[in-house]
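Chain by chain, the residues run as shown.
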Amino acid sequence: MAEAKKLGGAGLRGQVAGETALCTVGKTGAGLTYRGYDINVLADNAQFEEVAYLLLRGKLPNRQELDEYKAKLKANRELPEALRTVLEQIPKNAHPMDVMRTGCSMLGNLETEEDFSQQDDKIDRMLAVFPAIITYWYRFANEGVRIDTANTECDSIGGVFLELLHGKKPNELHEQVMNVSLILYAEHEFNASTFTARVCASTLSDIHSCVTGAIGSLRGPLHGGANEMAMELIQKFNSPEEAEEGLMGMLERKEKIMGFGHAIYSESDPRNAIIKKWAEKLSQEVGDTVLYPVSVRCEEVMWREKKLFCNADFFHASAYHFMGIPTQLFTPIFVMSRVSGWTAHVKEQRANNRIIRPSADYTGPDHAEWQPIDERS
Ligand SMILES: CC(=O)SCCNC(=O)CCNC(=O)[C@H](O)C(C)(C)COP(=O)(O)OP(=O)(O)OC[C@H]1O[C@@H](n2cnc3c(N)ncnc32)[C@H](O)[C@@H]1OP(=O)(O)O
Ligand SMILES: O=C([O-])CC(=O)C(=O)O
C-alpha cells in the first residue's frame, strides 16, 4: 500500500484548514472516497446525478428520489432570456471558462439567493443549467444558431452536454464516458477552487458568488486548466518516439508538464486508471493510432524519469478529444461536475461557520518614514 505523502512548506501544504464529511483524498497515498464510497465503486456503478445527490443531500437516493431529482434538473435547464442575451454578447474568441464565470454571475443577478433556505434550489439550478450556458454560447458564437437547451433526448447531464454541443444524441459509449468523467471530477476535498468557494461562503456571501470565485480558481493551468494544456502537449507529437524525445527535452529545460503530479497524492491519482481505461476504449472506437499511444508513452517517461504520475487531467484530454469536444471546452466540463462538490462544501461551511481568516508572517520593513510626494525619487 502506498504511503501518504509527507506534506509541508509553502502553499498551506499539509495544514488542516477545516473539517469535512464529504471526501478523503490520498489517505493511503492513493485513495479517493466521497462520503465513504470508493471512487472506483462510484465510477463503475453510479450515475453522476446520484453522486451529486449523495454529496448535496448526504445519502444515496433511492430510485424514486433519483427519478424526482433528475426530473427537477431537467425542468431547470432552460436559460432565462436575459442570460441568453448576455451570452450572445460574449465574443467568439473569449475563453469558455470566462463564459462560465460570467454565466454563473449573471444567473446570480437574475435568480439571486435571497436567503440560505433557497440554497438547494439555487444549487440544482446551476447543476442543470451549466451545460446549457456553455453550449448555448459556443454554438451561437461559432455557428450563429440559438439552440433549445430545454428539450433533449438525453436525460443525463453528460449526455445533455454532448447532445447540445453536437446537435445530436450521443452514442451510449460517449454518454457513459461523460457520466464517469463527471463522477471523477465531482469532489476533491480542500483543493484550490473548493477552498475559494469555502472562503467566500465563510463571509456568509451568496451561493453564486461562491461558485463564480471557484470557477476563477479552477481556470488556472495548475488546477483545472491542466487538461487543456495536456491536450496541447500530446497533439504536438506524431509518435511515441517523438513524445519521448520531446518530453526529455522539456524535463531538461525544467519545464512543467501539465497533467502530471499532485499536491496530495504520492504515487498515483486513482482517477487516472479509470479515465485511462475509457480513453483507450474511445481510441479503439475512432481507430486512433497516435494520441493514445503518445499519452501512454508520456506516462511511462514521466514515471521513469521523475516518478511523476498522471493526475485526473492527463487522459481526460485524449478521452474528450476522441468524443469531438473542442479543447477549450475541457475545463468547463470540470465546472459542470465540480459545482456539485463546491456547493456541498458551501453547505457544510454554512452549517458550522466561522469566517476563514488566517494570518501571515510579515516580511516587509519594520518602519517606513513618510515622504511628501514632491520629495520622493
Ligand atoms: C484536477 C487537478 O487540478 S490535478 C492538478 C492539475 N495540475 C497540473 O497537472 C499542473 C502540473 N502539476 C503541477 O504543477 C504540480 O504537480 C501541482 C500544482 C499539481 C502540485 O504542486 P506541488 O504540490 O507544489 O508539487 P510537489 O511538491 O509534489 O512537487 C515536487 C517537485 O516536482 C516538480 N513537479 C511537480 N509536478 C511537476 C510537473 N507536472 N512537471 C514537472 N515537474 C513537476 C515540482 O516542480 C517540484 O520540484 P522542486 O522541488 O524542484 O520545486
Ligand atoms: O486536489 C487538488 O489539489 C486538485 C485536484 O486534483 C482536484 O481538485 O480534483
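Parameters at a glance
Each chain carries its own residue numbering, running from 1 in the written order of its sequence. The naming scheme follows written order: chains are lettered A onward, ligands numbered 1 onward. Given that the model is predicted, a residue must reach a pLDDT of at least 70 before its local features are reported, and side-chain atom pairs must reach 80 or more before they are shown or counted; all residues, however, enter totals for whole chains, interfaces and linings. Excluded from the side-chain calculation are hydrogens and water; included are all heavy atoms of the structure. Within this document, salt bridges are pairs made up of a side-chain nitrogen of Lys or Arg and a carboxyl oxygen of Asp or Glu, the two lying within 4 Å of each other. Helix and strand definitions here come from DSSP, where helices need a minimum of 4 consecutive H or I residues and strands a minimum of 2 consecutive E residues; each element is numbered from the N-terminal end. Each residue is placed in one exposure class: buried if its accessible area under a 1.4 Å probe, protein chains only, is under 20% of its type's maximum, exposed if it is over 50%, and partly exposed if it falls in between. Domain segmentation is taken from an automatic or database assignment of domains. Note on contacts: a residue pair is in contact if any heavy atoms of the two residues lie within 4.5 Å. By convention, the term buried area covers the 1.4 Å-probe accessible surface removed from two parts as they join, with the contributions of both added. Polar contact is the term for a pair of N or O atoms within 3.5 Å; when the atoms are in protein, one must be able to donate a hydrogen and the other to accept it, and sequence-neighboring residues count only if both atoms are side-chain atoms. Expected span, for any helix, means 1.5 Å times one less than how many residues it has. Put simply, the grid is 1 Å and covers the protein atoms alone, a cavity is a trapped set of points that fit a 1.4 Å probe, a pocket is an open set with protein on both sides within 12 Å along at least five of seven lines, and lining residues have an atom within 4 Å of a point. Grid points are joined across faces, edges and corners, and a volume is the space filled by probe spheres set on the points. With axes taken as lines fitted to C-alpha atoms, and helix axes fitted only over the stretch in contact, angles between N-to-C directions fall between 0 and 180 degrees. Crossing handedness is read from the near helix: turned anticlockwise from the far helix by less than a right angle, it gives a left-handed crossing, and turned clockwise, a right-handed one. Gly is placed with the polar residues, together with every amino acid not listed as nonpolar (Ala, Val, Leu, Ile, Met, Phe, Trp, Tyr, Cys and Pro) or charged (Asp, Glu, Lys and Arg). To define a nonpolar core, start from buried Ala, Val, Leu, Ile, Met, Phe, Trp, Tyr and Cys residues and group those joined through side-chain atoms within 4.5 Å. For two strands to pair, DSSP has to find at least two bridges joining them.

Draft legend 1. Fine view of the pattern of salt bridges. Under the criterion given, the structure shown has 22 salt bridges. Put simply, Asp 155 and Lys 70 hold a salt bridge, and the shortest N to O gap is 3.6 Å. Of this pair, Asp 155 sits in the loop between helix H6 (119-143) and helix H7 (157-166) while Lys 70 sits in helix H3 (residues 63-75), and the two are 85 residues apart along the sequence. Accessibility expressed as a relative area gives 14% for Lys 70, which makes it buried. A salt bridge links Arg 271 to Asp 269; the shortest N-O distance between them is 2.8 Å. Using a relative accessible area of 2% as the deciding quantity, one classes Asp 269 as buried.

Draft legend 2. The arrangement of the domain arrangement of the protein chain in detail. Once the domains are mapped, the protein chain shows domain 1 (74-221 + 332-351) and domain 2 (226-323). Averaged C-alpha coordinates put domain 1 and domain 2 at centres separated by 27 Å. On the side of domain 2, 20 residues touch domain 1, which itself brings 20 residues to the contact. With both sides pooled, the region where domain 1 packs onto domain 2 buries about 1,700 Å², and carbon together with sulfur makes up 65% of that total. Joining domain 1 to domain 2, the criterion identifies 0 salt bridges. If you look at where domain 1 meets domain 2, you find 9 residue pairs in polar contact (both at pLDDT 80 or more). Among the secondary structure elements, those contributing two or more residues to the side of domain 1 that touches domain 2 are H7, helix H8 (172-185) and helix H16 (330-351). By residue number, the principal contributor to the side of domain 1 that touches domain 2 is H8, which donates 9 residues.

Draft legend 3. The arrangement of helix H12 (residues 240-252) in detail. Between the first and last C-alpha of H12 there are 18 Å, a value that for 13 residues agrees with the 18 Å anticipated at 1.5 Å per step. Taken together, the buried positions of H12 are occupied by Pro 240, Ala 243, Leu 247, Gly 249, Met 250 and Leu 251. Backbone geometry just downstream of H12 places Lys 254 in the positive-phi region, at approximately 60 degrees.

Draft legend 4. Expanded view of the layout of surface pockets. Of the volumes computed, that of the second largest pocket is approximately 200 Å³. The wall of the second largest pocket is formed by Ala 17, Gly 18, Glu 19, Phe 190, Arg 198, Glu 348, Gln 349, Asn 352, Arg 354 and Ile 356.

Draft legend 5. Looking closely at the packing of H8 against H16. Closest axis-to-axis distance for the H8/H16 pair is 8 Å, and the angle between their directions is 65 degrees. When you trace H8 past H16, the crossing you get is right-handed. Where H8 approaches H16, its residues Met 178, Leu 182 and Tyr 185 are matched on the opposing element by Ile 333, Phe 334, Met 336, Ser 337 and Arg 338. For the contact of H8 with H16, a count of residues per class yields 6 nonpolar, 1 polar and 1 charged.

Draft legend 6. Quick look at the nonpolar core. If you look at the biggest cluster of nonpolar residues, it comprises 111 residues, and the most contacted ones within it are Tyr 34, Phe 130, Phe 161 and Ile 325. When residues of this core are assigned to domains, at least three fall in each of domain 1 (74-221 + 332-351) and domain 2 (226-323). Those residues in contact with Ile 325 that sit more than four places away from it in its chain are Phe 161, Leu 162, Leu 165, His 166, Met 178, Tyr 320, Phe 330 and Ile 333.

Draft legend 7. Main features of the sheet that holds strand S2 (residues 32-34). The strand order S1-S2-S3 describes an open sheet built from 3 strands, whose pairing is antiparallel. Single-partner strands in this sheet number two, and they are strand S1 (23-25) and strand S3 (37-38). The pairing of S2 with S3 spans 2 bridges and is antiparallel. Along S3, the bridge assignment pairs Tyr 34 with Tyr 37.

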